Amino acid sequence: MTTLRIATRKSPLALWQSEHVAAGLRASHPGLLVELVPMSTSGDEVVDRSLAAIGGKGLFLKELELAMQRGDADCAVHSLKDVPMTLEPGFALPAFLERADYADGFVSKQFEGIAALPYGARVGTSSLRRQAQLRALRPDLQLLNLRGNVNTRLAKLDAGEYDAIVLACAGLQRLGFGDRIRERLQAPHWLPAPAQGAITIECREGDAATIVLCAMLDHADTRSCVEAERAMNRALHGSCHVPVAAYAQLDGRQLRLDGLVGSAIDGSAVRAHGTGPVEAPETLGGQVAHALLAQGAGALITASGA
């Protein structure tokens, strides 16, 4: 009987996502044994500084990739928005699961939405992308660092350290906290991180058997959308050091991609959108990136220190 070992972070959300993938694999391959290999990563352990300050979202992947290289795991499960635009050599993403809610959620004990916050309210988020869009809407707000897993962030809000926080709707919903969302921040007015809401499976590029097993969970429409978003970000050399946002959606056999590059310092931003055939998502991503650069995105990226 075949056994598949999934490397995963230990946070409640990461474990939920890995169990979700494991259930899908078991359903697709009756008789397959699927085991989780929980691991701690540098990104989880250092929570007193922003990701941009400690090396980026790739810190969530490194230990899991090393486990696969050592042979301690066959694949790993990630939030796709945490996966760098260019993978380390020797790795592949054989499956993008069907995307959940892409949007950000405004969470507060007292206030119904961003517009309802009092002058100078304290809002917790370490995401430069979220900071840029908050600055554009409400330059008066105090934007404060917020790290840790979903449960930790909610606990800090409930303890009174913040008047509100902004988190991904998908993560809240997956952990049973969907009722904490007071305002859903939606496209095109508010844009998410590229690939937000999507789960991916990573494995070794030469491991054909694991690739075949995992590819059964690939969702074609999700793949088209997130590949457009990631291609735009890649063309902009985006990372967690750069406030880049993107959201693609299907309209029949056409893709529409909205993109934004902003400033977490003063809220200034440039926006662009484009459409193209669903079969060519990376071309569309490049076109929207080019349109953003033509409007001055390069200066914003440089100013962010990327």
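This text follows the structure it describes.
Keep in mind that what you see is a predicted model, and the values were worked out from it rather than measured. (Residues numbered from 1 in each chain as written. Predicted model: local features only at pLDDT ≥ 70, side-chain atom pairs only at ≥ 80, totals over all residues. Heavy atoms only, no water.)

Visitor: How would you explain the side chain of Gln 131 if you had to name every residue and give the values?
Guide: Residue position: Gln 131 is located in helix H5 (residues 128-137). Among the residues examined, Gln 131 registers a relative accessible area of 15% and is labelled buried. Among all residues touching Gln 131, those that are not within four sequence positions of it are Thr 125, Ser 126, Leu 143 and Ala 264. (Helix = DSSP H or I, 4+ residues; strand = E, 2+ residues; numbered from the N terminus. Buried < 20%, exposed > 50% of the residue type's maximum accessible area, 1.4 Å probe, protein only. Contact = heavy atoms within 4.5 Å.)

Visitor: Which residues make up the pattern of salt bridges, and what values do they have?
Guide: Counting across every chain of the model gives 17 salt bridges. Note that Arg 253 is salt-bridged to Glu 279, the shortest N-O span being 3.5 Å. Of this pair, Arg 253 sits in the loop between strand S11 (244-251) and strand S12 (254-262) while Glu 279 is found in the loop between strand S13 (269-277) and helix H10 (281-294), placing the two residues 26 residues apart along the sequence. Comparing Arg 253 with Glu 279 shows no difference in burial state: the two are exposed. Put simply, Arg 9, Lys 81 and Asp 82 are held in one network by salt bridges that share partners. (Salt bridge = Lys/Arg side-chain N within 4 Å of Asp/Glu carboxyl O.)

Visitor: Provide a residue-level description of the pairing of S12, including the pertinent values.
Guide: The side chains of a regular strand alternate between both faces of the sheet. Extensive coverage of S12 is indicated by the burial of 7 of its 9 residues. Across 8 bridges, S11 lies against S12 in antiparallel orientation. Residue pairing for S12: Gln 249 is matched across the bridge by Arg 256. Note that S12 and S13 share 9 bridges and pair antiparallel. Paired with Leu 255 across the bridge in S13 is Gly 276. (Pairing = 2+ DSSP bridges.)

Visitor: Talk me through the sheet that holds strand S8 (residues 164-168); I want residue IDs and the actual numbers.
Guide: Spatially, the 5 strands line up as an open sheet ordered S7-S6-S8-S5-S9, and their pairing is mixed. Of all strands in the sheet, those bounded by a partner on one side alone are strand S7 (142-144) and strand S9 (181-185). With direction set aside, neighbouring strand axes in the sheet form an average angle of 30 degrees. Examined bridge by bridge, strand S6 (residues 122-124) and S7 share 3 bridges and lie parallel to one another. Counted as the bridge partner of Gly 124 is Leu 144 from S7. Along the sheet face, H5 touches strand S5 (104-107), S6, S7 and S8 and points at about 130 degrees away from the line of S8. Packing of helix H6 (residues 150-158) onto the sheet brings it into contact with S5 and S8, and relative to S8 it is tilted by some 165 degrees. (Axes fitted to C-alpha atoms, helices over the stretch in contact; angles between N-to-C directions.)

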